[in-house]
Amino acid sequence: MIVLKSAREIDCIRRGGHILAEVMDLLREFVRPGMSTLEIDEEVESFLARCGATPAFKGYRGFPATVCISINDEVVHGIPSAHRWIKEGDIVGLDLGCIVNGYYADCAFTLPVGEVPSSVQRLLDVTRESLELAIGECRSGRRLSDVSHAVQAHVEAHGFSVVRAFVGHGIGRALHEEPQVPNFGEPGRGPQLRSGMVLAIEPMVTMGSWEVRILDDGWTAVTRDGSLAAHFEHTIAVTEGGPEVLTSKNWQSARVA
Ligand code: MG
């Protein structure tokens, strides 16, 4: 069942989302070559505590940290470590979640550290654009797979691949609610979107094959062929006025028209 949220509930998610937007701004400045992924995790955990927000991922099915940090060929769910260091030229996926007043917000972005080749920057740009196009489909009356198709069409038009093993999701009182939001599929299928739905949309895109495998830590998903991967995510409310990105403070509605 897809739970529709009231304006009050959406406001709770927005409050968490705006805290995550601040975390993303902080990390763009904070992440530097030579630091460990655990230092990043600790910085985010203390920031969330100062904001009165609870980390959403720590303890979720036993995940041990606040941020999922996934570098280069790691797609999602990388575990922060004192022994894993950021290097110049890495692309670092940072997946963030928090709980405010019992409501979850979830977002992710992939940060290039220093200079990366233009082909790699293109991967990041195309993945982010595919998310923006998907958000543009989050309108009353559209079908769920219109969102999915928007991602796949843009990604594949640029020669990249969409990961199948992980999908976006409804979000609210739980981190993962119905519906699942795949990043691939034919348009015009699935439930109709309605005002009050809140979705976490999260394209995961690779430069090679879409196949992934899980490392022995039981969490980290990497590309099977070792190709680089990018991940961008926002939590979006479907409203009468169109999509609202709850995990951004300065979303320009013109960009999703
Ligand atoms: Mg998510």
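See above for the structure.
Throughout what follows, the structure given in this document is the object of discussion. Along each chain, the written sequence defines residue order, and numbers are assigned to residues from 1. Predicted model: local features are reported for residues with pLDDT of at least 70 only, side-chain atom pairs are reported and counted for 80 or more only, and whole-chain, interface and lining totals are derived from all residues. Here the side-chain values reflect all heavy atoms present in the structure, with hydrogen atoms and water set aside.

Glancing now at the pattern of salt bridges. Whenever Lys or Arg places a side-chain nitrogen within 4 Å of a carboxyl oxygen from Asp or Glu, that contact is recorded as a salt bridge. According to the stated counting rule, one finds twelve salt bridges in the structure shown. The partner of Lys5 in a salt bridge is Glu177, and the shortest N-O contact between them spans 2.6 Å. You can see Lys5 sitting in the segment before helix 1 (7-30) and its partner Glu177 sitting in strand 8 (residues 177-181), a full 172 residues away along the chain. No difference in accessibility class separates Lys5 from Glu177, as the two residues are buried. A salt bridge links Lys58 to Glu45; the nearest nitrogen and oxygen atoms lie 3.0 Å apart. Helix and strand definitions follow DSSP, with helices as H or I runs of at least four residues and strands as E runs of at least two, each counted in order from the N terminus. For every residue, the accessible area obtained with a 1.4 Å probe (protein chains only) is divided by the maximum for its type, and the residue is called buried under 20%, exposed over 50%, and partly exposed between those limits.

Here we take up the sheet that holds strand 12 (residues 221-223). Pairing between strands is defined by DSSP: at least two bridges between the two strands are required. The three strands lie next to each other as 3-12-11, forming an open sheet whose pairing is antiparallel. Every interior strand has two partners, whereas the edge strands, strand 3 (74-76) and strand 11 (212-214), have only one. Averaged over neighbouring strand pairs, the angle between their axes works out to 40° when direction is ignored. Summarising the sheet, strand 3 and strand 12 pair through two bridges and their orientation is antiparallel. Bridge pairing in strand 12 places Glu74 opposite Val222. Axis definition: a line fitted to C-alpha atoms, limited for helices to the stretch in contact. Angles are taken between N-to-C directions and run from 0 to 180 degrees.

The next point concerns empty space enclosed by the protein. Unfilled space is identified by rolling a water-sized probe across the atoms. In this analysis the probe radius is 1.4 Å and the grid spacing 1 Å, with only protein atoms considered; a cavity is a set of points the probe fits into but cannot get out of, a pocket is an open set with protein on both sides within 12 Å along at least five of seven lines, and lining residues have an atom within 4 Å of a point. Grid points are joined across faces, edges and corners, and a volume is the space filled by probe spheres set on the points. Applying the stated criterion across every chain, the model contains one cavity of 30 Å³ or more. Size it by volume and the largest cavity reaches roughly 50 Å³. Lining of the largest cavity is provided by 13 residues; of these, Ser70, Val75, Val76, Gly93 and His231 occupy positions nearest its centre. Put simply, the parts of the chain that give the lining of the largest cavity at least two residues each are strand 2 (68-71), strand 3, strand 4 (91-100) and strand 13 (229-231).

It is worth stressing that arrangement in space is one thing and function is another; only the former is reported here.
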